[in-house]
Amino acid sequence: MAISTPRPEIQNRTPETTETPEAFEDGIARRLLDSSAQLSYDPLTEVDWETPLDEGFHGASPEWSTLYGTAYWNELTDAQRKALTRQEAASVASTGIWFEMILQQMVLRDIYAKDPTDDTFQWALTEIADECRHSIMFARGAKKLRAPAYRPHRAAVELGRVFKTVAFGEAAYAAILVAEEVLDVMQRDWMRDDRVVPFVRTINNIHVVEESRHMKFARDETRKRLARAGRVRRQIHSLLIAVASYVIVTSMVNRKVYANAGLDEERALREAKANEHHKSMMRSSCSGLMEFLTSVGLLTKPALYFYKRANLI
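So, how was this worked out
- Residues numbered from 1 in each chain as written.
- Predicted model: local features only at pLDDT ≥ 70, side-chain atom pairs only at ≥ 80, totals over all residues.
- Heavy atoms only, no water.
- Phe/Tyr/Trp six-rings, centres within 6.5 Å; stacked < 30°, edge-to-face > 60°.
- Lys NZ or Arg CZ within 6 Å of the ring centre and 35° of its normal.
- Helix = DSSP H or I, 4+ residues; strand = E, 2+ residues; numbered from the N terminus.
- Contact = heavy atoms within 4.5 Å.
- Expected span 1.5 Å × (residues − 1).
- Polar contact = N/O pair within 3.5 Å; in protein donor to acceptor, adjacent residues only side chain to side chain.
- Core = buried A, V, L, I, M, F, W, Y, C linked by side-chain atoms within 4.5 Å.
- Buried < 20%, exposed > 50% of the residue type's maximum accessible area, 1.4 Å probe, protein only.
- Axes fitted to C-alpha atoms, helices over the stretch in contact; angles between N-to-C directions.
- Parallel < 35°, antiparallel > 145°, perpendicular 65-115°, else oblique.
- Left-handed = near helix turned anticlockwise from the far one by under 90°.
- Nonpolar A, V, L, I, M, F, W, Y, C, P; charged D, E, K, R; others polar.

Concerning the packing of aromatic side chains
Applying the stated criterion across every chain yields a total of six aromatic pairs. Taken together, the ring pairs in this structure connect Trp123, Tyr173 and Phe217 into an aromatic cluster. It is arginine 140 that lies over the ring of tryptophan 49; its NZ or CZ is 4.5 Å from the centre. Just above the ring of tyrosine 72 sits the side chain of arginine 267; from NZ or CZ to the centre is 4.2 Å.

See the structure below:
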């Protein structure tokens, strides 16, 4: 029988070390490879794909719904709320697939023609393998939630095409970090929530565990690349990262989720856009991320404009 609840041993697990911080950073790729060998999952066997969808569960913690706290939310029946969160969770998963495809291309381009015996090269390939599994897992999860293939709007798709082509160094890795950090905070709540359908909790649990290594690597690479960056490059890349973050975050919940959950799409859109509760959830969840961007000099005034527009700060 496939596992349908989070494994307790994969939570709150941190590496033990008596080495200096400098030595730890120098060996981070090797440590991540070792961690991956010890603690990785196969979604094909870990997730319960066979049990039919139980519509008595939410697809995500209701507090993370774009309508939670609005007048419209208060009018919805319990069944409508659950249908909406299932569609929203599927939309977030679809957006995750879209960005993971961008991520894989950027990482592959970064390691092209580099030393394959190097730990960093091998970790990068390990990360790409993780992302392939995650994308398949998200796709199957969205299908089981009875959702269509939600895609970002055409402008976002084309901007993503440009970004994956031109982004390099800290621009690529910091953008990866922003996208993964936002997902991580949401999914940590969802995976612990008994109101969320069990197979989605398992998917979130797997993603949180494995993405924690990806985020550690992205932070390390961002710091390393910025150490060689001049003022002009830092200013340009800080803006590029912020624009990419805005496009990713605003693409997470497709407008069609409301109609597919049986709601009035136009009214739902209006109330979602004005929903201060959801904006507050996004801001509070990203406080640590914003501290990191500030610490490495990537939270410039032009960049702030886009983070504020995306309700990340």
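Regarding the environment of phenylalanine 121
Within the secondary structure layout, phenylalanine 121 lies in helix H6 (residues 119-144). For the pair phenylalanine 121 and isoleucine 111, spaced 10 residues apart in sequence, the C-alpha separation works out to 6.2 Å. Excluding its chain neighbours within four sequence positions, the residues that come into contact with phenylalanine 121 are Ile111, Lys114, Asp115 and Pro116.

Side note on H6
Here H6 spans 37 Å end to end across 26 residues, near enough to the 38 Å set by a 1.5 Å rise per residue. The backbone nitrogen of threonine 120 has a side-chain oxygen 2.9 Å away, supplied by the residue at the start of H6, namely aspartate 118. With its phi angle positive at about 65°, arginine 146 sits one or two positions after the end of H6.

A closer look at the environment of aspartate 119
The residue aspartate 119 is located in helix H6 in this model. Expressed as a C-alpha distance, the spacing of aspartate 119 and glutamate 100, which sit 19 residues apart in the sequence, is 22 Å. Leaving out residues up to four positions away in the same chain, aspartate 119 has contacts with Ala29, Arg30 and Leu33.

A look at the nonpolar core
Counting 94 residues, the largest nonpolar core has Leu67, Leu84, Phe199, Tyr258, Tyr307 and Leu312 as its most contacted members. The dominant element in this core, judged by the number of residues it contributes, is helix H5 (residues 78-111), at 14 residues.

Topic: the packing of helix H2 (residues 28-38) against helix H9 (residues 198-226)
Close contact between H2 and H9 brings their axes to 10 Å; oriented N to C, the two are set at 175°. It follows from the interaxial angle that H2 and H9 lie roughly antiparallel. In contact with Ile28, Leu32, Ser35 and Ser36 of H2, H9 contributes Arg213, Lys216, Phe217 and Asp220.

Here's the deal with H5
Compared with the 50 Å implied by 1.5 Å per residue over 34 residues, the 49 Å span of H5 between its first and last C-alpha is a close match. The positive-phi residue at the C-terminal boundary of H5 is alanine 113, with phi of around 65°.

What about the packing of H2 against H6?
Here H2 crosses H6 at 40°, and the two axes come no closer than 8 Å. As summarised for this structure, H2 and H6 are arranged oblique, according to the angle between their axes. H6 is crossed by H2, and the crossing has left-handed handedness. Two secondary-structure elements touch here, H2 through Ala29, Arg30, Leu32, Leu33 and Ser36 and H6 through Asp119, Thr120, Gln122, Trp123 and Thr126. Classifying every residue of the contact of H2 with H6 by side-chain character gives four nonpolar, four polar and two charged.

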